[in-house]
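# Working through the structure, step by step
The primary structure of each chain is shown beneath.
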Amino acid sequence: MLPDHIRRRDMLELAVELANLIEKWKYSKEQCKSLLYYIAQAGNTIDGEGFIRTLAEKAPTYREDFMTIAEQLEAKGEARGIQQGKQEGYQLGRQDANKELAQQLLSDGIDRTNVKRYTGLSDSELDQL
């Protein structure tokens, strides 16, 4: 069931059915964790947290493990968001510094071509200064 469906539609639609199968087949906790990690990496869902919570609710045997995985995924997402925010902040800071440098160079009479080369700014960005 899973390999055929994992890329076709939102996995949240299959959460109840999957939970019932997991409970019925009595997977080991390790197998169940592996399955959930696979679904989290390869599957498509707009609500990952809702997917895992549905599994936890409908497969009580594995509730604790599912919630642990949900917490790990949440922490990973937060770390990725923090890193992305740092990167964006760095890019904005660098861009602002380049603009400030360009203004100083232009006011000191440095040729516009050289200012573009030193700062990496485009003609339109220099025009806005």
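Residues numbered from 1 in each chain as written. Predicted model: local features only at pLDDT ≥ 70, side-chain atom pairs only at ≥ 80, totals over all residues. Heavy atoms only, no water.

If you check an unreviewed UniProt entry, the protein appears there as Transposase from Hamiltonella defensa subsp. Acyrthosiphon pisum.

## Observations regarding the overall build of the protein
As a reminder of what qualifies: Segments assigned H or I by DSSP are reported as helices when at least four residues long, segments assigned E as strands when at least two residues long, and all are numbered from the N terminus. Two things to know: the radius of gyration comes from C-alpha atoms, and the globule rule equals 2.2 Å times the number of residues to the power 0.38. Relative accessible area decides the class of each residue, using a 1.4 Å probe on protein chains only: under 20% of the type maximum gives buried, over 50% gives exposed, and in between gives partly exposed. In this description, contact between two residues means that some pair of their heavy atoms is separated by no more than 4.5 Å. All accessible-area figures derive from a Shrake-Rupley calculation using a 1.4 Å probe, and residue coverage is judged against the displayed protein chains alone. For the purpose of counting charges, residues Lys and Arg are taken to be positive, whereas Asp and Glu are taken to be negative. His and the chain ends are not included. Charge positions are represented by NZ for Lys, CZ for Arg, CG for Asp and CD for Glu.
Per the secondary structure count, the protein includes seven helices and zero strands. Reading the protein from its N terminus to its C terminus gives the helix and strand order α-α-α-α-α-α-α. By the compact-globule yardstick of 14 Å for 129 residues, the protein is too spread out, its C-alpha radius of gyration being 25 Å. With the C-alpha coordinates of the protein rotated into their principal frame, the extents come out at 80 × 25 × 20 Å. Expressed as a percentage of the 129 residues in the protein, the buried residues total 27%. Put simply, 58% of the contacts in the protein that link residues at least 6 apart link residues at least 24 apart. For the protein, the exposed area adds up to about 8,800 Å²; of that, 48% sits on carbon and sulfur atoms. Within the protein, the 22 negative side-chain charges are centred at a point lying 6 Å from the centre of the 18 positive side-chain charges.

## Some points on the packing of helix α5 (residues 63-107) against helix α6 (residues 112-119)
Packed helices, taken two at a time, are described by the angle between their axes plus the distance between the axes. What counts, and what does not: Lines fitted to C-alpha atoms define the axes here, with helix axes fitted over just the stretch in contact, and angles between the N-to-C directions of these axes take values from 0 to 180 degrees. Each angle gets one of four labels, with under 35 degrees taken as roughly parallel, over 145 as roughly antiparallel, 65 to 115 as roughly perpendicular, and the rest as oblique. A crossing counts as left-handed when the near helix is turned anticlockwise from the far one by less than a right angle, and as right-handed when that turn is clockwise. In this classification, Asp, Glu, Lys and Arg are treated as charged, Ala, Val, Leu, Ile, Met, Phe, Trp, Tyr, Cys and Pro as nonpolar, and every other residue, Gly included, as polar.
Packing of α5 against α6 leaves a shortest axis separation of 10 Å and a crossing angle of 155 degrees. The angle between α5 and α6 places the two elements in the roughly antiparallel class. The handedness of the crossing between α5 and α6 is right-handed. Within the contact between the two elements, α5 uses Asn 98, Leu 101, Ala 102, Leu 105 and Leu 106 and α6 uses Arg 112, Val 115, Tyr 118 and Thr 119. Residue classes in the contact of α5 with α6 are distributed as six nonpolar, two polar and one charged.

## Things to note about the pattern of salt bridges
Short version of the rule: Definition used for salt bridges: Asp or Glu carboxyl oxygen within 4 Å of a side-chain nitrogen of Lys or Arg.
In this structure the tally under the stated criterion is seven salt bridges. One salt bridge in this structure joins Glu 23 and Lys 26, with 3.7 Å as the shortest N-O distance. You can call Glu 23 buried: its relative accessible area is 16%. Judged by its relative accessible area of 53%, Lys 26 is exposed. For Asp 123, the salt bridge is made with Lys 116, and the minimal N-O distance between the two is 3.3 Å. For Lys 116, a relative accessible area of 30% gives the class partly exposed.

## With respect to the nonpolar core
Stated formally: Joining through side-chain atoms within 4.5 Å is the link that ties buried Ala, Val, Leu, Ile, Met, Phe, Trp, Tyr and Cys residues into a set, and such a set is a nonpolar core.
With 19 residues, the main nonpolar core has Leu 18, Ile 22, Leu 36, Phe 51, Leu 55 and Phe 66 as its most contacted residues. Of all elements in the fold, only α2 (15-25), α3 (29-42), α4 (48-58) and α5 reach the threshold of two or more residues within this core. With sequence-adjacent residues up to four places away left out, Leu 55 is seen in contact with Ala 15, Leu 18, Ala 19, Leu 36 and Phe 66.

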